[in-house]
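# Results of the structural survey
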Amino acid sequence: MTSLSLNPNLPAKAANCKALPVVGGEGASVQKTVSPPGASVIYRNNWNTDFAVEPTASYNRYIATIRAKDPGEYTIRMNLKYSDDTSGEVYNQTVSLKEGESISITGNPRRGVIPYQVNLYVGELNAIGKTYRASVVGCR
């Protein structure tokens, strides 16, 4: 089940949640300005960000928070990626956000399987040039 909330403030972290690190980055959050679509392998877009899940983690939900620095429409997808080369889409919507407004998306993993990454996709033509900050926590 996926739930969604639009909040002007970021949700408080619960004691039973842990921030997930950005894959290929530093820390547990990332700020990006949405790039134009990639025309080739050389010119790639920056629409995807992965967050690593510990192999022994037993989280029963993942909460992604995207906070808009710029107002407008953002196309957002959240996928849980599994070691058998499959993924489960838990969210796929275009939302309108005000400056400083955030969206929190909750996704549950498949029963009995731990994902190795949470993928956030923020992109499409409607979001080019818009800046946002994103983070993901795993919760027990």
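Residues numbered from 1 in each chain as written. Predicted model: local features only at pLDDT ≥ 70, side-chain atom pairs only at ≥ 80, totals over all residues. Heavy atoms only, no water.

### With respect to the pattern of salt bridges
A complete count under the given rule lists three salt bridges for this structure. Here lysine 81 ties to aspartate 50 by a salt bridge, and the two come within 3.3 Å at their closest N and O atoms. With a gap of 31 residues between them, lysine 81 in strand β6 (residues 72-81) and aspartate 50 in strand β4 (residues 48-52) connect regions that are remote in the sequence. In this structure, arginine 77 and glutamate 124 form a salt bridge, with 3.5 Å as the shortest nitrogen-oxygen distance. Here arginine 77 is found in strand β6, whereas its partner glutamate 124 is found in the loop between β9 (117-123) and β10 (131-139), with 47 residues between them in sequence. Among the residues examined, arginine 77 registers a relative accessible area of 24% and is labelled partly exposed. Look at glutamate 124 and you get partly exposed, because its relative accessible area is 26%. (Salt bridge = Lys/Arg side-chain N within 4 Å of Asp/Glu carboxyl O. Helix = DSSP H or I, 4+ residues; strand = E, 2+ residues; numbered from the N terminus. Buried < 20%, exposed > 50% of the residue type's maximum accessible area, 1.4 Å probe, protein only.)

### Things to note about the state of the cysteines
All told, the structure shown has one disulfide when counted by the stated rule. Sulfur-sulfur distance for the disulfide between cysteine 17 and cysteine 139 comes to 2.0 Å. Every disulfide takes its handedness from the sign of the S-S torsion; for cysteine 17 and cysteine 139 that torsion is 110°, giving right-handed. You can see cysteine 17 sitting in strand β2 (residues 17-19) and its partner cysteine 139 sitting in strand β10, a full 122 residues away along the chain. Assessed through its relative accessible area of 0%, cysteine 139 is described here as buried. (Disulfide = S-S within 2.5 Å.)

### A few points about the packing of aromatic side chains
Within this structure, the stated rule accounts for three aromatic pairs. Arranged with centres 5.9 Å apart and planes meeting at 85°, the rings of tryptophan 47 and tyrosine 121 form a pair that is edge-to-face. Here tryptophan 47 is found in the loop between β3 (29-33) and β4, whereas its partner tyrosine 121 is found in strand β9, with 74 residues between them in sequence. With respect to class, tryptophan 47 is no different from tyrosine 121; both count as buried. (Phe/Tyr/Trp six-rings, centres within 6.5 Å; stacked < 30°, edge-to-face > 60°.)

### Section: unusual backbone geometry
With a phi angle near 65°, aspartate 85 is a residue other than glycine that sits in the positive phi range. The topology assignment puts aspartate 85 in the loop between β6 and β7 (87-97). Backbone geometry at glutamate 124 places phi at a positive 85°, although glycine is not the residue there.

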